[in-house]
Amino acid sequence: NVGWLRKARHANLQLVRFIVTSSYPLPQSTMSPKLKLWYFNLPGRAEVTRLILNYGSVPFEDYTFTFEEWNDIKAKANLPFGQVPVMEVDGKMLAQSSAIERYA
């Protein structure tokens, strides 16, 4: 008999509806994170991310640098895989352009 399973699913659905429609204040962690996009001062691999963020009106800092500055930045910054583009999300580095685009 699977009647108990239907009752359990129905109870879970009601709980989900209650949680979604309730007017509880959102926790602090749902505040929008501080975003900083690191890339050269040219379109390249970071351009799609810039377009996505601008299209969605998402505030972010577009940190650009020249090829002359790259060696200093690479040595001083803690870049994953030692490459850019990198998206800094509240101080944590997210690498790889396709992963950054999915996040954006």
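Keep in mind the model is a prediction, meaning the values are calculated, not measured.

## Some details on the nonpolar core
In a soluble, globular protein the nonpolar side chains are often hidden away together inside.
Okay, step 1: W38, F65, W70, L79, V84 and M87 are the most contacted members of the largest nonpolar core, which totals 17 residues.
Okay, step 2: Mapped by element, the contributors of at least two residues to this core are β1 (35-40), α3 (67-76) and β3 (86-89).
Okay, step 3: Among the elements that take part in this core, β1 stands out by supplying five residues, more than any other.
Okay, step 4: Excluding anything up to four places from it in sequence, W70 contacts F40, F65, L79, G82, Q83 and V84.

## Details of the packing of aromatic side chains
When we look at a pair of aromatic rings, we describe it by the centre distance and by the angle of the planes.
Okay, step 1: A complete count under the given rule lists seven aromatic pairs for this structure.
Okay, step 2: Seen from their ring centres, Y39 and F40 are 5.4 Å apart, and the 70° between their planes marks the pair as edge-to-face.
Okay, step 3: Chaining the aromatic ring pairs together yields one cluster made of W38, Y39, F40, Y63, F65, F67 and W70.
Okay, step 4: Directly above the ring of Y63 sits K36, whose terminal nitrogen or CZ lies 4.6 Å from the centroid.

Quick notes on the rules
Residues numbered from 1 in each chain as written. Predicted model: local features only at pLDDT ≥ 70, side-chain atom pairs only at ≥ 80, totals over all residues. Heavy atoms only, no water. Core = buried A, V, L, I, M, F, W, Y, C linked by side-chain atoms within 4.5 Å. Buried < 20%, exposed > 50% of the residue type's maximum accessible area, 1.4 Å probe, protein only. Helix = DSSP H or I, 4+ residues; strand = E, 2+ residues; numbered from the N terminus. Contact = heavy atoms within 4.5 Å. Phe/Tyr/Trp six-rings, centres within 6.5 Å; stacked < 30°, edge-to-face > 60°. Lys NZ or Arg CZ within 6 Å of the ring centre and 35° of its normal.

Geometry only, nothing functional implied.
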